[in-house]
Every structure is written in C-alpha cells, then in structure tokens.
Amino acid sequence: MLRTLGLAFACLLGVAAVSPARADAPTPDAVVQGIADDLGKAIEGHQAELKNDHEKLIKVIDGILLPRFDIDYASILVLGQYARSSTPEQRSRFAKAFYNSIAHRYAEGLLNYTRGRVRVLPTKGELSDKRSIVRTEVVLDDGKTLAVDYAFRKTKEGEWKAYDVIIEGISYITNYRNQVGAEIQKSSLDALIARLETQGEKVLESMEKDQKGGG
C-alpha cells in the first residue's frame, strides 16, 4: 500500500499542476488528461538535479500542488470526528504540518513519473456541479496497471481542486483518518500536531507501523 500510495500521490502532484481557473476552466478529467503529459515534460531531464537538491524538489512540489490541492478540506476529512472539537488554529496548523509531512515523504516519487504512465478513463455519468471523480489507470514499473481515482470538489471561487486519491478502492483520506484518530487517542491533537511539525514524515512512518501492528 505504501509504495503504490507514493506513486499515486506523485501522480496527484501532476494532477495539481494546472494554471488558475478561468471562465472556461476545463473539467477535472480534461485537466488530468492534459497535465499527465505536461508533467512528464517538466520532469524529464531534471531528475538528477532534483534528486540531489531536496529543497528545490519540495519547492517544485509546493508550486504545482498547493494551488490545486485543497489541503484544508482534506485535513478536515482526515481529522474526522476530531475536526468538530478542534479550533481554527489547530486545524490550520494540522493542515500545514500534515501536508508538509506527506509532501516530504513522497517527494522523490515524483521523479519516477514519465509521460504515458497515467491513462485517464472515460467519465461515468454526468459531471456534478460541485463534485467529480476522475478515474485513471497508472502503469507500474512491471507493466501492470493500477486503478487510481482522484476526487475533486469545486470551490466557491469556481476552481476544481483535488482532495483525495483512491487506490484500488482504498481512500488516502480514510487510510490516514484511521491512523490519525488512533494517534490522537493515544495522546492528543496538540501533541500530534507538535510531532508532525518537528518530526514530519517520521510520524507518518510510526503511525503506519502501529496500524500494521494493530491489524
């Protein structure tokens, strides 16, 4: 799950790499189709440079992801029931710390992306005014394909933003919600936020090990 989530998250970075919404903003599946090729063009030839300069790689990720990924909404979903009892400051700190941890952990997965790895599948049903699922197949290193869906929502400003990735039916939001909930029960939301801010991706690794051990 971890390896495939890393690859899918890297592809989600590509989904996010799109210019700000215009009056004629494309539908989410059109965005994914167009960006799948553009991401490959941006990465090819720069892998070694970005791999040796982690700060630059993170800066590239932030530049293409933050404008098109709804980290605040995704973080509320990850917090689940704990979002209702949290303060705006706690939610803001958690969103930033959680995003940074995810981005740092899966940063190098972006370097493995090449053109043609994502196949956008035909949309099922009509496009909702506020929600949409983009269905894709990701081609793995061994040639096998993986079903990866991306959940989008339309903001008040009319922009389509991604907030979840579903790999073979397993939601990234749900997966981390369970881990975050267990971590908060063990300590507290403030303690988790502080750990994420200081230890970042190491906290994610610890939570995943705990979940596997408990399962």
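Conventions we followed
Counting of residues starts from 1 at the beginning of each chain's written sequence and follows it residue by residue. A pLDDT threshold of at least 70 governs which residues receive local features in this predicted model, and a stricter bar of 80 or more applies before side-chain atom pairs are shown or counted, although totals over entire chains, interfaces and linings include all residues. Side-chain metrics rest on all non-hydrogen atoms present in the structure, leaving aside hydrogens and water. In this description a helix means any DSSP run of H or I spanning at least four residues, a strand means any run of E spanning at least two, and both kinds are numbered starting from the N terminus. Burial classes: relative accessible area under 20% of the type maximum marks a residue as buried, over 50% as exposed, and values in between as partly exposed (1.4 Å probe, protein chains only). Each accessible area value is a Shrake-Rupley result obtained with a 1.4 Å probe; residue values ignore everything except the protein chains displayed when judging cover. Two strands are counted as paired when DSSP detects at least two bridges linking them. A helix is expected to reach a length of 1.5 Å times the quantity of its residues less one. Polar contacts, as counted here, are pairs of nitrogen or oxygen atoms within 3.5 Å of one another; within protein the pair requires one atom able to donate a hydrogen and one able to accept it, and residues that are adjacent in sequence qualify only if both atoms are side-chain atoms. Pairs of residues are marked as contacts when any of their non-hydrogen atoms sit within 4.5 Å. Here, nonpolar core means buried Ala, Val, Leu, Ile, Met, Phe, Trp, Tyr and Cys residues that are tied together by side-chain atoms lying within 4.5 Å of each other.

(A) Expanded view of the overall build of the protein. Along the backbone of the protein there are 10 helices and 5 strands. The burial tally for the protein puts 45% of its 215 residues in the buried class. Carbon and sulfur atoms provide 50% of the accessible area of the protein, an area that totals close to 11,100 Å².

(B) Main features of the sheet that holds strand β4 (residues 160-167). Pairing in this open sheet of 5 strands is antiparallel, and the strands run β1-β2-β3-β4-β5 from one edge to the other. The open sheet has two free edges, formed respectively by β1 (118-120) and β5 (170-171), since each of these has just one partner strand. Looking at chain direction, β1 and strand β2 (residues 131-139) are connected through 3 bridges and run antiparallel. Looking at the pairing, Arg119 lines up with Glu137 of β2.

(C) Fine view of helix α7 (residues 88-106). Along its 19 residues, α7 runs 27 Å from first to last C-alpha, staying within 8% of the 27 Å computed at 1.5 Å per residue. Along α7, the residues classified as buried are Gln90, Phe94, Ala95, Ala97, Phe98, Tyr99, Ser101, Ile102, Ala103, Arg105 and Tyr106.

(D) Local environment of the pairing of strand β3 (residues 145-154). Where β2 meets β3, 9 bridges bridge the pair, whose relative direction is antiparallel. What sits directly across from Thr136, in β3, is Val148. Linking β2 back to β3 in an antiparallel pair, the connection comprises 5 residues, with Gly143 at a positive phi of about 90°. In the sheet, β3 pairs with β4 via 7 bridges, with the strands oriented antiparallel. Considered in β4, the bridge of Ala151 is made with Asp164. Taking the residues between adjacent antiparallel strands as the criterion, β3 and β4 are bridged by 5 residues, where Gly158 takes a positive phi near 90°.

(E) The environment of Asp142, seen in detail. Locating Asp142 in the fold gives a position in the loop between β2 and β3. With relative accessibility at 54%, the residue Asp142 sits in the exposed group. Here the side chain of Asp142 touches Lys144 through a polar contact of 3.0 Å, landing on its backbone nitrogen.

(F) A look at unusual backbone geometry. For Glu168, which is not a glycine, the phi torsion comes out positive at approximately 50°. Secondary-structure assignment places Glu168 in the loop between β4 and β5.

(G) Examining the environment of Ser101 more closely. Checked against the element boundaries, Ser101 lands in helix α7. Separated by 98 residues in the primary sequence, Ser101 and Gln199 have C-alpha atoms spaced 8.3 Å apart. Filtering out sequence-adjacent residues up to four positions away, Ser101 remains in contact with Leu196, Gly200, Glu201 and Leu204.

(H) Layout of the side chain of Gln90. Turning to its location among the elements, Gln90 is positioned in helix α7. Exposure remark for Gln90: the relative accessible area of 15% places this residue in the buried category. Within polar-contact distance, the side chain of Gln90 engages the backbone nitrogen of Thr87 at 2.9 Å.

(I) Region of the structure containing the nonpolar core. Within the largest apolar cluster, 49 residues are counted, with the highest numbers of intra-cluster contacts made by Phe94, Phe98, Tyr172, Tyr176, Val180, Leu192 and Leu196. Broken down by element, this core gets its largest block of residues, 7 residues, from α7.

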